[in-house]
Amino acid sequence: MSEQKIKDTVPALLSWYELHARLLPWRQNPTPYRVWISEIMLQQTRIEAVIPHYHAFVTRMPNLRALAEIEETELLKFWEGLGYYSRARNLQKAAKTVLANGKEDLPETYAELLKLPGIGEYTAGAVASICFNECVPAVDGNVLRVLARLTGDDTDVLSPEGKKKFTALAKRLVPRDAAGKFNQAVMELGETVCLPNTAPKCEKCPFSEVCVAHRKGSAAELPVRKKAKKRKIELRTVLVLKTNETPARFLIHKRPQKGLLANLFEYPNVDGTLTEEKTQAFLANMGVKVNALHELETAKHVFTHIEWHMSGYFAIIETPKALPDGYCLATKEEMAQRYAIPSAFRAFTKFINSKL
Ligand code: ADE
């Protein structure tokens, strides 16, 4: 009968939320556009990283039309550092789709939202419930953790069975007259009280008396998530190449239109861990003249399915007369303002900004 007890405690959760909801920028003027942007940014990204990006994004692109019309290079610059760049591309695709349908605003129902690129069940549920009070759940990782603990259910939350089960439970719990508030309250609880691993602050939780995991002392073991597959390790050699001009410029390269980090900019880099001789040969082949190569500290970047283990060299180059396709030279200022260079290269960007 624990589900009934959970249901009976929902009003206490809503009161808790009224008192404890954080003042977040998208909560102050929760238009569908702003909520959508925030929900997409918040997937896979910590709230502290999202806030400054969110402000800059909605200032430059205050509505769907501005988002649809911005050039992709500039759009990606606004996403720099957030990762999962296909989210930004899908935002623009969705904005263009809405305009192509003759509308200026997002659709107002869960079913219609779900048809747009990049909008899945979670985002459609969040926008439809928060902005239009549609009685639908919005189940993200926080909600899965809260529900698995409340019910003491050790079904793998990432398995199809787990997702189905916990989504169905969330659906039964959403109150008809406060769907948006309920969804936000459960997420807020997951982010600030029902924290992962051994960190839950059960003494602050409005559900503590009805929570199975709290009673059994099993919160630290829940939710159960099957271990992800091992990531593939790729070795790369990254080259920081600076011209001997004032102001100095750096050689950067636009990645291909498809695949990992598509259309973003990068420092020239090559498959494998190259020796100095191999690196010299690679540069000669590109028509880039260098004297000494200086070895850089190694760096690692973890993507969802791949890890890059990077070594690197720094060199001063003669300004090339011509550059191969996709390459260009940019000053530090241009790199900071115009070109999105993803966090995967953070160690090298840091080297440039602090040492060069
Ligand atoms: N995390 C992601 N979206 C959220 C929301 N709408 N409220 C609270 N936390 C969130």
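The paragraphs below set out a description of the structure included in this document. Keep in mind that what you see is a predicted model, and the values were worked out from it rather than measured. (Residues numbered from 1 in each chain as written. Predicted model: local features only at pLDDT ≥ 70, side-chain atom pairs only at ≥ 80, totals over all residues. Heavy atoms only, no water.)

Description of the pattern of salt bridges
The tally for this structure, following the rule as stated, stands at 19 salt bridges. With its nearest N and O atoms 2.2 Å apart, the salt bridge here joins lysine 181 to glutamate 18. Of this pair, lysine 181 sits in helix α12 (residues 179-192) while glutamate 18 sits in helix α1 (residues 2-20); the two residues are 163 residues apart in sequence, bridging distant segments of the chain. Overall, glutamate 18 belongs to the exposed group, its relative accessible area being 57%. Between lysine 232 and glutamate 234 there is a salt bridge whose closest N-O contact spans 3.2 Å. A single network of salt bridges, built from pairs that share partners, joins Arg22, Arg27, Glu188 and Glu191. (Salt bridge = Lys/Arg side-chain N within 4 Å of Asp/Glu carboxyl O. Helix = DSSP H or I, 4+ residues; strand = E, 2+ residues; numbered from the N terminus. Buried < 20%, exposed > 50% of the residue type's maximum accessible area, 1.4 Å probe, protein only.)

Concerning unusual backbone geometry
Cis geometry marks the peptide bond from leucine 222 to proline 223; its omega dihedral reads 0 degrees. With an omega dihedral of -5 degrees, the bond running from threonine 246 to proline 247 counts as a cis peptide bond. On the secondary structure map, proline 247 appears in the loop between β1 (232-243) and β2 (250-254). Despite not being glycine, glutamine 44 shows a phi value in the positive range, around 70 degrees. Among the secondary structure elements, glutamine 44 is positioned in the loop between α3 (32-42) and α4 (47-60). Of note in this structure, asparagine 263 is not a glycine but carries a positive phi near 65 degrees.

A look at the packing of helix α6 (residues 72-79) against helix α7 (residues 86-100)
Helix-helix packing is described using two parameters, namely the angle between the two axes and the distance between the axes. The geometry of α6 relative to α7 is characterised by a closest axis approach of 9 Å and an angle of 130 degrees between their N-to-C directions. Relative to α7, α6 is oriented oblique. Our pair here, α6 against α7, has a crossing hand that is right-handed. Where α6 abuts α7, its residues Glu72, Leu75, Leu76 and Trp79 lie against Arg87, Ala88, Arg89, Leu91 and Gln92. For the contact of α6 with α7, the class distribution of residues is five nonpolar, one polar and three charged. (Axes fitted to C-alpha atoms, helices over the stretch in contact; angles between N-to-C directions. Parallel < 35°, antiparallel > 145°, perpendicular 65-115°, else oblique. Left-handed = near helix turned anticlockwise from the far one by under 90°. Contact = heavy atoms within 4.5 Å. Nonpolar A, V, L, I, M, F, W, Y, C, P; charged D, E, K, R; others polar.)

Quick word on the site of the ligand
Every residue close to the ligand is listed here: Arg27, Glu39, Leu42, Tyr122, Ile130, Gln184, Met187, Glu188 and Glu191. Take glutamate 39: an N or O atom from its side chain is 2.7 Å from a nitrogen atom of the ligand. Here a nitrogen atom of the ligand sits 3.2 Å away from a polar atom, N or O, in the side chain of tyrosine 122. Compared with its free state, where it exposes 260 Å², the ligand has 98% of that area covered by protein. Secondary-structure elements contributing two or more residues to the shell around the ligand are α3, α9 (121-132) and α12. Per-element tally for the shell around the ligand: the top contributor is α12, with four residues. Partitioned by chemical class, the residues of the shell around the ligand number four nonpolar, one polar and four charged. (Near = heavy atom within 4 Å. Polar contact = N/O pair within 3.5 Å; in protein donor to acceptor, adjacent residues only side chain to side chain. Areas by Shrake-Rupley, 256 points an atom, 1.4 Å probe, with all protein chains shown as cover.)

A closer look at the pairing of strand β6 (residues 306-317)
Burial runs high along β6: ten of the twelve residues are buried. Relative to β6, β1 is paired through twelve bridges, and the arrangement is parallel. Looking at the pairing, leucine 235 lines up with histidine 309 of β6. As judged from the seven bridges shared by strand β5 (residues 294-302) and β6, these two strands associate in the antiparallel manner. Looking across to β6, one finds that valine 302 is bridged to glutamate 307. (Pairing = 2+ DSSP bridges.)

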